[in-house]
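Residue-level structural notes
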Amino acid sequence: MTDLQPPDVEMRLAILRKKAEGMGVELSEEILNFLANRIRTNIRRLEGALIRVAAVATLMGNKLTVEGVADLLREVIHEEGRFSITIELIQKKVAEHFDLRLADMSSKRRPESIAFPRQIAMFLAREMTDTSLSDIGEAFGGRDHGTVMHACRLVKDRMEVDPNVRQTVGYLEKQLLR
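Please read all numbers here as calculations on a predicted model, not as lab measurements.

Thoughts on the overall build of the chain
Within the chain, the secondary structure is distributed over 10 helices and 0 strands. For the chain, the sequential pattern of α-helices and β-strands runs α-α-α-α-α-α-α-α-α-α. Projected onto the principal axes, the alpha-carbon positions of the chain cover approximately 55 × 45 × 25 Å. The buried share of the chain, taken over its 178 residues, is 39%. If you take every contact in the chain between residues at least 6 apart in sequence, the share linking residues at least 24 apart comes to 64%. When the accessible surface of the chain is totalled, it reaches about 10700 Å², and 52% of it is carbon and sulfur. Of the charged side chains in the chain, 27 are positive and 27 negative; the average position of the first set lies 2 Å away from that of the second.

Quick word on the packing of helix 6 (residues 87-97) against helix 7 (residues 112-128)
Two elements in contact, helix 6 and helix 7, have axes whose closest approach is 9 Å; the angle formed by their N-to-C orientations is 145°. As for the relative orientation of helix 6 and helix 7, their crossing is right-handed in sense. Facing Ile87, Ile90 and Val94 of helix 6, the residues of helix 7 in contact are Pro117, Ala121, Leu124, Ala125 and Met128. Partitioning the contact of helix 6 with helix 7 into residue classes produces 8 nonpolar, no polar and no charged.

Some thoughts on helix 1 (residues 9-23)
Helix length check: helix 1, at 15 residues, gives a terminal C-alpha distance of 21 Å against a target of 21 Å (1.5 Å per residue), a fit within 8%. For helix 1, the full list of buried residues reads Arg12, Leu13, Ile15, Leu16 and Ala20. Taken down its axis, helix 1 places every buried residue within 160° of arc, on the same side. Turned more than 90 degrees off the buried face of helix 1, the exposed positions are Glu10, Lys18, Glu21 and Gly22. Here the buried face of helix 1 lies against helix 2 (29-38) and helix 3 (43-60).

As for the packing of aromatic side chains
Summed over all chains, the structure comprises 0 aromatic pairs. Above the plane of the ring of Phe116 lies Arg158, whose end atom (NZ or CZ) is 3.8 Å from the centre.

Observations regarding the packing of helix 1 against helix 3
Working note: a packed helix pair is described by the angle between its axes plus the distance between those axes. Here helix 1 crosses helix 3 at 45°, and the two axes come no closer than 10 Å. As summarised for this structure, helix 1 and helix 3 are arranged oblique, according to the angle between their axes. The handedness of the crossing between helix 1 and helix 3 is right-handed. Across the interface between the two elements, Arg12, Ile15, Leu16, Lys19, Ala20 and Met23 of helix 1 pack against Ile43, Leu46, Glu47, Leu50, Ile51 and Ala54 of helix 3. For the contact of helix 1 with helix 3, the class distribution of residues is 9 nonpolar, no polar and 3 charged.

Some words on the environment of Asn37
Its place among the elements puts Asn37 in helix 2. Accessibility expressed as a relative area gives 29% for Asn37, which makes it partly exposed. Sequence separation of Asn37 and Lys156 is 119 residues, and the distance between their C-alpha atoms is 22 Å. Beyond its immediate stretch of four places on either side in the chain, Asn37 contacts Val9, Arg12 and Leu177.

Quick notes on the rules
- Residues numbered from 1 in each chain as written.
- Predicted model: local features only at pLDDT ≥ 70, side-chain atom pairs only at ≥ 80, totals over all residues.
- Heavy atoms only, no water.
- Helix = DSSP H or I, 4+ residues; strand = E, 2+ residues; numbered from the N terminus.
- Buried < 20%, exposed > 50% of the residue type's maximum accessible area, 1.4 Å probe, protein only.
- Contact = heavy atoms within 4.5 Å.
- Areas by Shrake-Rupley, 256 points an atom, 1.4 Å probe, with all protein chains shown as cover.
- Lys, Arg positive; Asp, Glu negative; His and termini not counted.
- Charge placed at Lys NZ, Arg CZ, Asp CG, Glu CD.
- Axes fitted to C-alpha atoms, helices over the stretch in contact; angles between N-to-C directions.
- Left-handed = near helix turned anticlockwise from the far one by under 90°.
- Nonpolar A, V, L, I, M, F, W, Y, C, P; charged D, E, K, R; others polar.
- Expected span 1.5 Å × (residues − 1).
- Arc of directions from axis to C-beta.
- Phe/Tyr/Trp six-rings, centres within 6.5 Å; stacked < 30°, edge-to-face > 60°.
- Lys NZ or Arg CZ within 6 Å of the ring centre and 35° of its normal.
- Parallel < 35°, antiparallel > 145°, perpendicular 65-115°, else oblique.

Okay, structure coming up:
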């Protein structure tokens, strides 16, 4: 019996480079990294995404941006995210990162050392899952949708002014996309 795991990011990146070279298409490292990080479940889906991107790149004369690729592959990326990232996983990663107990993610306690990491987790749940605001609030100790909206707005605002918050949220997103 053999345990077949999906290839890691480096392997997916190598596969993308080889396939793109075989197609005679030049894509930026930024686009290749985006594809390798976002499409993780299987190689066939990764190749399909590359073919779509290569076709559009050829038509547009290689003037593709990561945002354009994200828009082009919205359904594929959406499906990928649905299968792997859950609120529970987000809560676990955020709690680990901030050295909190998992129970703190849904507790009523509100010291800044717990509240802000919990708000980051709510923000990530909103950004990385299809879960409704009400369901996100429910997963965080029965909070209402307004609390989740406030948390998302607060984290977004702090990311704009504080590079440490922006870096932390980016790091957590990368950890979750592995």
